[in-house]
Structures are given as C-alpha cells and as structure tokens.
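# Residue-level structural notes
Now for the letters of each chain:
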Amino acid sequence: MYVSDLQQVWLVRLPLASERSRSGDLGYTLSEPGGGVEVGRLEVDSSLAGLAYRTQKTQLTIDAGTAWIPMVDGIERVGVMEVSSPAPGAHGMYRALASLAILLVVSKAGHSDLLVERERSRPMTLQAELLWAFLPPRTVGTRRATSAAVLEPAYEVGIPERLTDDATILLAEWHPPTPVRLHV
C-alpha cells in the first residue's frame, strides 16, 4: 500500500510489519528528492500508481499481472494498493480488499504516528503543526461537485506578521449554473 505525501507529489509505501523493528523504526529511510534512488516512493505525476491515484480508476500493467487500485476514504484520495495476480481478471475482487484496507488504515491513524510519518518528507515547524491540526478536511464534495485544497508552503506555513512575496492567497468561489434549493 502506498499513501500520498502531504503535498501530493509522492506515493510513499507503508512498511510491512516485518520491516518495522520493535522500536517502531521503519528499517529503511527515504532519500531526499533529487538525492538518488528513492526507496518505496513513486511519483504521482509520472507513474502508473500515480495515474490510478489521480484518476481514481484501477490501472493495469501491460501484462495485466499487476493492478494499482485507488484507496479512497469517502471522497478523499488516500493512496493506492498494488496487487499482483497471475490470474487475469482477478483484480476486480481486490477492490473490496482495497476498500477494507483503507478503512483499517484511516481508523488506526488516530492511534499511531505511522501514517503521519509516511505523509511527511521533512519536519514541520510548530506553527505548521498547529495550523494543520485545526484545518477542516482538505477534500469535500457531493455527487455533482468535489473541492480539494492544498496548503503551501506545507512545512513552514504560519500566520505571517506581514505579507511578503513568499505568501500567496487564493480565494475561490463557485456558483452553480442553476439555483440550489434546500428543503428543510
């Protein structure tokens, strides 16, 4: 299973239980971007796994031996699951497994730092930690519309005393083409 990093640039592999020592160490480290071969990371923009993540549709390798199945919690994209099967067409039943797996990952996220550690590629400032802790969900939506947000810079964000060239503020508003009627 791979989860998206905070900036949605990388899909980072969750370690297997056998890869973690008793102290909770992952058993390997990820190199910095541009620092050589990254172990357990795939780019969202240039990999088949990233395509499954971006489109929320299962992607098969050319030989159909491996499938990348999107893992979605409600409407929020969390990551992808890699499934290898020698039987053609067997990947369909693994969608249910991916749904169950994401339920387990999300439900255990409040009891472990593993997901938070994997979503981050570097330490956060105290201000960023506090801001991220109180933000609403980054993805909201209905059957007709979905809205997603990112916060940049993700690791050094804070409330500036004054706005500089480094700060960008984007406010967006959408009005449906037809009036929305609420029935109470």
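Now for a quick tour of the structure.

For the rest of this paragraph, the subject is the overall build of the protein. A tally of regular secondary structure across the protein gives four helices and eight strands. Listing each helix as α and each strand as β along the protein from the N terminus yields β-β-β-α-β-β-β-α-α-α-β-β. When burial is assessed residue by residue, the protein has 29% of its 184 residues classed as buried. Of the contacts formed within the protein by residues at least 6 apart in sequence, a portion of 50% connects residues at least 24 apart. A total of about 13000 Å² of accessible surface is found on the protein, and carbon and sulfur atoms cover 57% of it.

With that settled, consider the layout of surface pockets. The volume enclosed by the second largest pocket comes to roughly 580 Å³. As for the second largest pocket, its lining consists of 21 residues, of which Leu6, Glu76, Glu119, Trp132 and Arg138 are closest to the centre.

Topologically, serine 4 is positioned in strand β1 (residues 2-4). For serine 4, a relative accessible area of 7% translates into the label buried. Within the structure, serine 4 has its side chain in polar contact with the side chain of tyrosine 53 (distance 3.2 Å).

Residues Trp10 and Val12 line one face of strand β2 (residues 10-13) and the alternating positions Leu11 and Arg13 line the opposite face, and both faces are buried. Here β1 pairs with β2 via three bridges, running antiparallel. For valine 3, the partnering residue across the bridge sits in β2 and is valine 12. Connecting β1 to the next strand, β2, in antiparallel fashion are five residues, including glutamine 8 with a positive phi near 55°.

Let us now look at helix α1 (residues 48-55). Among the residues making up α1, those that are buried are Ala49, Gly50, Ala52 and Tyr53. Looking straight down α1, one finds that the buried residues subtend no more than 160° of arc, so they occupy a single side. Packed against the buried residues of α1 are β1, β2, β3 (41-43), β4 (59-60), β5 (66-73) and β6 (76-84). Glutamine 56 lies just past α1 and shows a positive phi near 60°.

Along the polypeptide, proline 137 turns up in the loop between α4 (126-134) and β7 (139-141). Residues proline 137 and alanine 149, spaced 12 residues apart in sequence, show a C-alpha to C-alpha distance of 8.7 Å.

Conventions adopted
- Residues numbered from 1 in each chain as written.
- Predicted model: local features only at pLDDT ≥ 70, side-chain atom pairs only at ≥ 80, totals over all residues.
- Heavy atoms only, no water.
- Helix = DSSP H or I, 4+ residues; strand = E, 2+ residues; numbered from the N terminus.
- Buried < 20%, exposed > 50% of the residue type's maximum accessible area, 1.4 Å probe, protein only.
- Contact = heavy atoms within 4.5 Å.
- Areas by Shrake-Rupley, 256 points an atom, 1.4 Å probe, with all protein chains shown as cover.
- 1 Å grid on protein atoms, 1.4 Å probe; cavity = no way out; pocket = protein on both sides within 12 Å on 5 of 7 lines; lining within 4 Å.
- Points joined across faces, edges and corners; volume = space filled by probe spheres on them.
- Polar contact = N/O pair within 3.5 Å; in protein donor to acceptor, adjacent residues only side chain to side chain.
- Pairing = 2+ DSSP bridges.
- Arc of directions from axis to C-beta.

Limitation: the analysis is restricted to geometry and does not speak to function.
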